[in-house]
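Chain by chain, the residues:
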Protein chains: 2
Amino acid sequence: MTASQALHLWHNTALKLVHSDGPDLTLRQMSILLHIYLVPPPHTVRGLAAVLGVTKPVITRALDSMGSLGLVRRTRDERDRRNVIIQRTVDGALFLENLGDIVVEEARGLPL
Amino acid sequence: MTASQALHLWHNTALKLVHSDGPDLTLRQMSILLHIYLVPPPHTVRGLAAVLGVTKPVITRALDSMGSLGLVRRTRDERDRRNVIIQRTVDGALFLENLGDIVVEEARGLPL
DNA sequence: TCCGAATGATACGGTAGCGAAACAATCGTT
DNA sequence: AACGATTGTTTCGCTACCGTATCATTCGGA
């Protein structure tokens, strides 16, 4: 894959995401969501903050937003009640499934 | 490319963008920037609004933001002074060059 | 039991985005 | 010259995000 192809792929995919009337996630929110769904659990606020290199309130806010969108769910860790375990949802999985399909589709139609 | 690979590609790239202390562009801003640099000129506010499917103030605001970041430049169209021509800059080209390199690099290291 | 450490949430002031509507400048036509 | 159409910008009220600092809860060891 060349740099030019990569930019066209990013361009076409971003454009489709803008066109779709789905939720309008920040780059950070997108990163968090992808991390939760692609990396084996458990996921905590502190862990995500470390991985993303951002402060904890950023994670809390992102979980608030995506939680009210139904993309993610919070549960207390019963073994250490200070922790919050972030869990996947059906809607979140569908959302990312759709994203993956868009990327694949755009990659297929790329100029050589 | 499989959907899983696509998601990993998106994940790794988004993560690198979050880590980098570069400008934090919205998905819409990213779309606009890519369009300006990948599609032959001329580019106008109205044209971009139509392509993105958003209102004109969205484009004006995005150009304000990215203009002050040096990623984009505005010029009056002297043949029809109602139009504003959006032009590329060296910094904008460098920014996207870097993005392309990140995507290519991440695509290379993808799990099979 | 008590006290420091750790985790996540909240408060605060500031910035930036949004859509809808109104505005200013310019053009083309009459 | 005058008028309507077109283009881009601005304004308005609103929502959401940011980092810093602080708070509440919980844990674990002295």
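Residues numbered from 1 in each chain as written. Chains lettered and ligands numbered in written order. Predicted model: local features only at pLDDT ≥ 70, side-chain atom pairs only at ≥ 80, totals over all residues. Heavy atoms only, no water.

Chemist: Explain the nonpolar core to me, and be specific about the residues and the numbers.
Modeler: Within the largest apolar cluster, 68 residues are counted, with the highest numbers of intra-cluster contacts made by A:Leu33 and B:Leu33. Excluding residues that lie within four positions of it along the chain, A:Leu33 makes contacts with A:Leu25, A:Met66, A:Leu71, A:Val72, A:Phe95 and A:Leu96. (Core = buried A, V, L, I, M, F, W, Y, C linked by side-chain atoms within 4.5 Å. Buried < 20%, exposed > 50% of the residue type's maximum accessible area, 1.4 Å probe, protein only. Contact = heavy atoms within 4.5 Å.)

Chemist: For the pattern of salt bridges, give the residues involved together with the corresponding values.
Modeler: It is possible for side chains of opposite charge to pair when their charged atoms get near one another. All names here are of chain B. All told, the structure shown has 10 salt bridges over all chains when counted by the stated rule. Salt-bridge contacts for arginine 81 lead to glutamate 78; the nearest nitrogen and oxygen are separated by 3.1 Å. By the burial criterion, arginine 81 is exposed, and glutamate 78 matches it. Between arginine 82 and aspartate 80 there is a salt bridge, with the nearest N and O atoms lying 3.0 Å from each other. (Salt bridge = Lys/Arg side-chain N within 4 Å of Asp/Glu carboxyl O.)

Chemist: Describe in detail the protein's contact with DNA strand C, supporting the description with residues and values.
Modeler: Among the 20 residues in the neighbourhood of DNA strand C, the closest are listed as A:Arg46, A:Lys56, B:Arg28, B:Gln29 and B:Val58. Close to the protein, within 4 Å, the atoms of DNA strand C are drawn from sugar and phosphate at a rate of 71%. One nitrogen or oxygen atom from the side chain of A:Arg74 is found 3.0 Å from a phosphate oxygen belonging to DNA strand C. The contact in question runs from a phosphate oxygen of DNA strand C to an N or O atom on the side chain of B:Gln29, over 2.8 Å. Looking at the surface near DNA strand C, the element that brings in the most residues is helix H4 (residues 56-68) of chain B, giving 4 residues. (Near = heavy atom within 4 Å. Polar contact = N/O pair within 3.5 Å; in protein donor to acceptor, adjacent residues only side chain to side chain. Helix = DSSP H or I, 4+ residues; strand = E, 2+ residues; numbered from the N terminus.)

Chemist: Talk me through the relation of the copies chain A and chain B; I want residue IDs and the actual numbers.
Modeler: Take chain A, turn it by 180°, move it 0.0 Å along the axis, and it overlays chain B with an RMSD of 0.0 Å. One copy is carried onto the other by what is essentially a two-fold rotation axis. Measuring from the rotation axis to each C-alpha of chain A, the shortest distance belongs to A:Thr26, at 3.3 Å. The share of interface residues of chain A whose copies in chain B are also at the interface is 97%, consistent with both copies meeting through the same surface. (Least-squares fit on C-alpha atoms with pLDDT ≥ 70 in both.)

Chemist: Describe the interface of chain A and chain B, naming the residues involved and giving the relevant values.
Modeler: Between chain A and chain B, the residue contacts involve 34 residues of the former and 33 residues of the latter. Carbon and sulfur atoms make up 79% of the area that chain A and chain B hide from each other, which totals about 3200 Å². Linking chain A to chain B there are 0 salt bridges. Summed over the shared surface of chain A and chain B, the result is 4 residue pairs in polar contact (both at pLDDT 80 or more). The set of elements that each furnish at least two residues to the side of chain A that touches chain B consists of helix H1 (3-19), helix H2 (27-38), helix H3 (45-52) and helix H5 (90-108) of chain A. When grouped by side-chain class, the residues that make up the side of chain A that touches chain B number 23 nonpolar, 9 polar and 2 charged. (Buried area = accessible area lost by both parts, 1.4 Å probe. Nonpolar A, V, L, I, M, F, W, Y, C, P; charged D, E, K, R; others polar.)

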